[in-house]
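In case you want the letters, here they are:
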Amino acid sequence: MSELTHRIDEATGKCSKVEDLFSPALVSLRLKLRECSGASIKSDEYISGALDISWRKASYEVLHVAKRLRKSQNWQNSEIAYVKSHLIQSFGFYQYLVLSLQAGLDFDHETAYGYVLEGQSSQVKKKQQCWKEKVIFKCLMYMGDLTRYQLEFVSVAEGQNLAKIAKKYYLEALSVDQNQGQPFNQLAALSGSQCHGIIAVYYYLRCLTSERKFEGAEGNLKKILDKASNSKNSSNENIMIVSMMALFQNLLYEDSTKNLSNLCRIGLEQVINSLYQENQSLSSQASTHLILSLLLVKEKC
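Residues numbered from 1 in each chain as written. Predicted model: local features only at pLDDT ≥ 70, side-chain atom pairs only at ≥ 80, totals over all residues. Heavy atoms only, no water.

A. Region of interest: the overall build of the chain. The helix and strand tally for the chain stands at twelve helices and zero strands. Here the chain holds 301 residues, and 45% of them are scored as buried. Summarising the internal contacts of the chain: among those between residues at least 6 apart in sequence, 67% fall at separations of at least 24. Looking at the chain as shown, the accessible area adds up to about 16200 Å², and 50% of this sits on carbon and sulfur atoms. (Helix = DSSP H or I, 4+ residues; strand = E, 2+ residues; numbered from the N terminus. Buried < 20%, exposed > 50% of the residue type's maximum accessible area, 1.4 Å probe, protein only. Contact = heavy atoms within 4.5 Å. Areas by Shrake-Rupley, 256 points an atom, 1.4 Å probe, with all protein chains shown as cover.)

Set out below in C-alpha cells:
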C-alpha cells in the first residue's frame, strides 16, 4: 500500500487542473488502493490503518485538491461532473464493504439499525468479529461524509434529501459504537446554521461529553460561539439564542466570573420574553436543543 500511496502522491502533485485528477492512470491507482484495503478486510486479515489510508488518498484528498485546483471560486460544470462521479464511486466502495461485513453479524440481537455484535455465544467469535465493528463504524462515517460533500453541488431541494441521508449514516455509526463522539461532530457540521446554530452547538457538546471525544470539536464549538457573539441578526429568536450562547461561552471558556451574573440576567430576561410575550416564542426544535445544550454545558463544566 505504501508504494501505491507514493505513486498517487507523485501523480497528484503533477496535476494543474481538476480534470488532471481524474486521468485514467490516477483513477486506476486509487482503485487499486481501495482494492488492497478491501481485500485485507474480506480475507479476515485486516491491516490496522489500511482503511484510513485508502480513505485519505483515494477519497478525501481528491476533493481537497480539486478545490485548490478549480479555475475560480465557482465550480465549472465539467469539474462538478468529475467530482460528483468520484464521490459516488467512493460511496459505492464503502457501501459494498458494509454489505460484505454484515454477513458475519449477529442479527438475533440487532438494534434498530442492525449492526450490533452482542449476544454471540462464542468468546472466540466475539474477538474475531471485533474488528468488523470498527470497520463498519468507519465505513458508515465515510458514507455520511461522502453524502454530505455532495451538498455543495446540488439544488436546495435535493440538498435537503441528501442531508437526511447523511444524518442517517451518522446515526447508524452511533448504533455501532455509542461511545464515539465523531458522529456528533459530523452531525453538527451537517446542521450548519439551522435554528441560528443552536443545533450545531448541541451536537458539539454531545461530542465533547462522549467517552471518546473527537479531536477538533472543541475548536469548532469555540468558533460557532464566537460567530454568534458577532451576529447582526436582530430576530427575536436569534437574540434569545445568542444571549444563551454568550452564557455558554462564559461558563465553558472564561476564567473570570465578573460577567456571569449579567449574562445570567440577560438570558433569564430573554427566556421570560419568549414565554410571555406574543410573537417571541422559540420554535419547538430550537427550544429543545437549547435546553439540552444547557444541561450538557453543566455536565461539561
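B. Quick peek at the packing of aromatic side chains. Across all of its chains, the model carries eleven aromatic pairs by this definition. The structure contains a cluster of three or more aromatic residues connected by ring pairs, namely Trp-55, Tyr-60, Phe-93, Tyr-94, Tyr-142 and Tyr-149. Over the ring of Trp-75 we find Arg-70, and its NZ or CZ is 4.7 Å from the ring centre. (Phe/Tyr/Trp six-rings, centres within 6.5 Å; stacked < 30°, edge-to-face > 60°. Lys NZ or Arg CZ within 6 Å of the ring centre and 35° of its normal.)

C. Spotlight on the nonpolar core. Counting 78 residues, the largest nonpolar core has Leu-51, Val-83, Tyr-94, Ile-198, Val-201 and Leu-221 as the members making the most contacts within it. If you tally residues by element for this core, the top one is helix 5 (residues 123-149), at eleven residues. Not counting residues up to four positions away in its chain, the partners in contact with Val-83 are Val-18, Phe-22, Leu-63, Ala-66, Trp-75 and Phe-153. (Core = buried A, V, L, I, M, F, W, Y, C linked by side-chain atoms within 4.5 Å.)

D. Seen up close, unusual backbone geometry. A positive phi angle, near 55°, is found at Cys-195, a position not held by glycine. Note on placement: Cys-195 falls in the loop between helix 7 (182-191) and helix 8 (198-208). Located in the positive-phi region is His-196, a residue other than glycine, with phi close to 60°. Within the element layout of this structure, His-196 appears in the loop between helix 7 and helix 8.

E. Just the packing of helix 3 (residues 50-69) against helix 4 (residues 77-102), in detail. One way to put it is that helix 3 packs onto helix 4 with a least axis distance of 10 Å and a crossing angle of 165°. The pairing of helix 3 with helix 4 is recorded here as roughly antiparallel in orientation. Crossing handedness for the pair helix 3 and helix 4: left-handed. Residue-level inspection shows Leu-51, Ser-54, Trp-55, Ala-58, Ser-59, Val-62, Leu-63 and Ala-66 of helix 3 in contact with helix 4, the latter providing Val-83, His-86, Ser-90, Tyr-94 and Leu-97. Classifying every residue of the contact of helix 3 with helix 4 gives nine nonpolar, four polar and no charged. (Axes fitted to C-alpha atoms, helices over the stretch in contact; angles between N-to-C directions. Parallel < 35°, antiparallel > 145°, perpendicular 65-115°, else oblique. Left-handed = near helix turned anticlockwise from the far one by under 90°. Nonpolar A, V, L, I, M, F, W, Y, C, P; charged D, E, K, R; others polar.)

F. Seen up close, the environment of Trp-55. By the element assignment, Trp-55 lies in helix 3. On the basis of relative accessibility, which here comes to 9%, the residue Trp-55 falls in the buried class. Between the C-alpha atoms of Trp-55 and Lys-138, which are 83 residues apart in sequence, the distance is 9.7 Å. For Trp-55, the residues in contact, after removing those within four places along its chain, are Tyr-60, Tyr-94, Tyr-142, Asp-145, Leu-146 and Tyr-149.

G. Structural view of the side chain of Arg-30. Mapped onto the elements of the fold, Arg-30 is located in helix 2 (residues 24-42). Not counting the four nearest positions on each side in its chain, Arg-30 is found in contact with Ile-8, Leu-21, Phe-22, Lys-57, Ala-58, Val-62 and His-86.

H. View of helix 3. Over its 20 residues, helix 3 runs 27 Å from end to end, which matches the ideal 28 Å to within 8%, given 1.5 Å per residue. Buried within helix 3 we find Ala-50, Leu-51, Ser-54, Trp-55, Lys-57, Ala-58, Ser-59, Val-62, Leu-63, Val-65, Ala-66 and Leu-69. (Expected span 1.5 Å × (residues − 1).)

I. A look at the environment of Tyr-203. Within the secondary structure, Tyr-203 is located in helix 8. Through-space distance from the C-alpha of Tyr-203 to that of Leu-296 is 9.9 Å; in sequence the pair is 93 residues apart. Not counting residues up to four positions away in its chain, the partners in contact with Tyr-203 are Lys-167, Phe-184, Leu-187, Ala-188 and Ser-191.

J. Structural view of the pattern of salt bridges. Within this structure, the stated rule accounts for ten salt bridges. A salt bridge links Glu-61 to Lys-57; the nearest nitrogen and oxygen atoms lie 3.2 Å apart. Here the residue Glu-61 and the residue Lys-57 both occupy positions in helix 3, the gap between them amounting to four residues, near one helical turn. On the basis of relative accessible area, Glu-61 is assigned to the partly exposed category, the value being 27%. (Salt bridge = Lys/Arg side-chain N within 4 Å of Asp/Glu carboxyl O.)

Distances and angles like these do not, on their own, reveal function.
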